[in-house]
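# Observations on the model geometry
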Amino acid sequence: MDSVKGLFKPKPTPQQQLRDWQRRLRQECRNVDRQIRDVQREEKNVQKAIKDCAKRNDMASAKSLAKELVRSRRAVTRLYENKAQLNSVSMHLGELVATSRAVGHLSKSVDVMKLVNKLMKAPEMAATMQEFSKEMTKAGVIEEMMNDAVDSALDSEDIEEEIEEEVDKVLTELAGETASELPDAVRKERLKQPSTSQTVDEEPIAEGAEDDELDQIRARLANVRS
């Protein structure tokens, strides 16, 4: 019965189709905002974990977590770029509303096509924008595009030198010193501490439990980035 009703469902007007796309784009922007908040909230846990590692002079774990933080900050930058492009698509669709009233049909938009093509390459938006692309192509707003490969979310991370520079910046930001100076600085700071603090610092740490905690932090951060 539903399929029969669908056959007689009136075709949306060009204005209705454009407004429906705009509504869905606004929803996608809200989804992006939520994802950004989730990543940034988890980043605070990672920052605390990096500081804890630095205090223990565990620079291997500190650098490992700092790399995760670098990845997350880059992911947030990409998400902000995605949101800006979504808003641009919505704005251009709004301009098409006025045109469609005058000519009675949807006109092609090179600007929309370029923006949709960019968003289709973004890992976070690929599936959603492929659906938009199909609908807009069918409606005549854009031309059929080649399905280019999705950009790797971590392409730039192949450049190890760049990553190391970013890691040093993170460690400097969180610890107030360069990564290379941290071990000596930590030892000097411990010597200045009263004996009661030294006793606390020297309490044995369950290495396996510590590694599990770091793994859980990395997993949570990767999950909110995806």
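Residues numbered from 1 in each chain as written. Predicted model: local features only at pLDDT ≥ 70, side-chain atom pairs only at ≥ 80, totals over all residues. Heavy atoms only, no water.

### Regarding the UniProt feature "coiled-coil region" (unreviewed entry) in the protein chain
Residues annotated by UniProt as "coiled-coil region" (unreviewed entry) correspond here to residues 22-56. From the first C-alpha to the last, residues 22-56 spans 51 Å; its make-up is 97% helix and 0% strand. (UniProt positions renumbered as here; feature names shortened; annotations may be inferred. Helix = DSSP H or I, 4+ residues; strand = E, 2+ residues; numbered from the N terminus.)

### Concerning the nonpolar core
The biggest cluster of nonpolar side chains holds 27 residues, and the ones touching the most others in it are L93 and M136. Mapped by element, the contributors of at least two residues to this core are α2 (14-55), α3 (59-103), α4 (110-121) and α5 (126-139). Aside from chain neighbours lying at most four places away, what touches M136 is W21, V89, L93, V112, V116, V141 and I142. Counting 16 residues, the second largest nonpolar core, distinct from the first, contains V46, V70, L171 and I217. (Core = buried A, V, L, I, M, F, W, Y, C linked by side-chain atoms within 4.5 Å. Buried < 20%, exposed > 50% of the residue type's maximum accessible area, 1.4 Å probe, protein only. Contact = heavy atoms within 4.5 Å.)

### A short note on the pattern of salt bridges
For the coordinates displayed, the defined rule picks out nine salt bridges. In this structure, R41 and D38 form a salt bridge, with 2.5 Å as the shortest nitrogen-oxygen distance. A residue pair is termed a helical-turn pair when its members lie 3 or 4 positions apart in one helix, as R41 and D38 do in helix α2 at three residues. Through salt bridges with shared partners, a single ionic network connects D20, R23, R24 and E135. (Salt bridge = Lys/Arg side-chain N within 4 Å of Asp/Glu carboxyl O.)

### Brief notes about the packing of α4 against α5
Between α4 and α5, the least distance of the axes is 8 Å, while the angle of their chain directions is 150 degrees. It follows that α4 is roughly antiparallel to α5 by the angle criterion. Taken as a pair, α4 and α5 cross one another with a handedness that is left-handed. On the side of α4, the interface is formed by V112, V116, L119 and M120, while α5 contributes A126, M129, Q130, S133 and M136. (Axes fitted to C-alpha atoms, helices over the stretch in contact; angles between N-to-C directions. Parallel < 35°, antiparallel > 145°, perpendicular 65-115°, else oblique. Left-handed = near helix turned anticlockwise from the far one by under 90°.)

### Concerning the confidence of the model for the protein chain
Across the protein chain, pLDDT averages 74, with 67% of residues at or above 70. Residue range residues 153-157 is modelled with pLDDT below 50. Its contacts to residues more than four positions away, or to other chains, number eight contacts. Segment residues 190-206 is flagged for pLDDT under 50; beyond a separation of four residues in sequence, or across chains, it makes 10 contacts in the model. (pLDDT = per-residue confidence, 0-100.)

### What about the packing of α2 against α5?
It is at 12 Å that the axes of α2 and α5 come closest, and there the two elements cross at 170 degrees. Here α2 is positioned roughly antiparallel relative to α5, judged by the angle of their axes. Here α2 contributes Q17, W21, R24, L25 and E28 to the contact with α5, which in turn contributes T128, E131, F132, E135, M136 and A139.

### A look at the packing of aromatic side chains
Taken as a whole and assessed by the stated rule, the structure comprises zero aromatic pairs. Above the ring of F132, the side-chain terminus of R24 is found at 4.5 Å from the ring centroid. (Phe/Tyr/Trp six-rings, centres within 6.5 Å; stacked < 30°, edge-to-face > 60°. Lys NZ or Arg CZ within 6 Å of the ring centre and 35° of its normal.)

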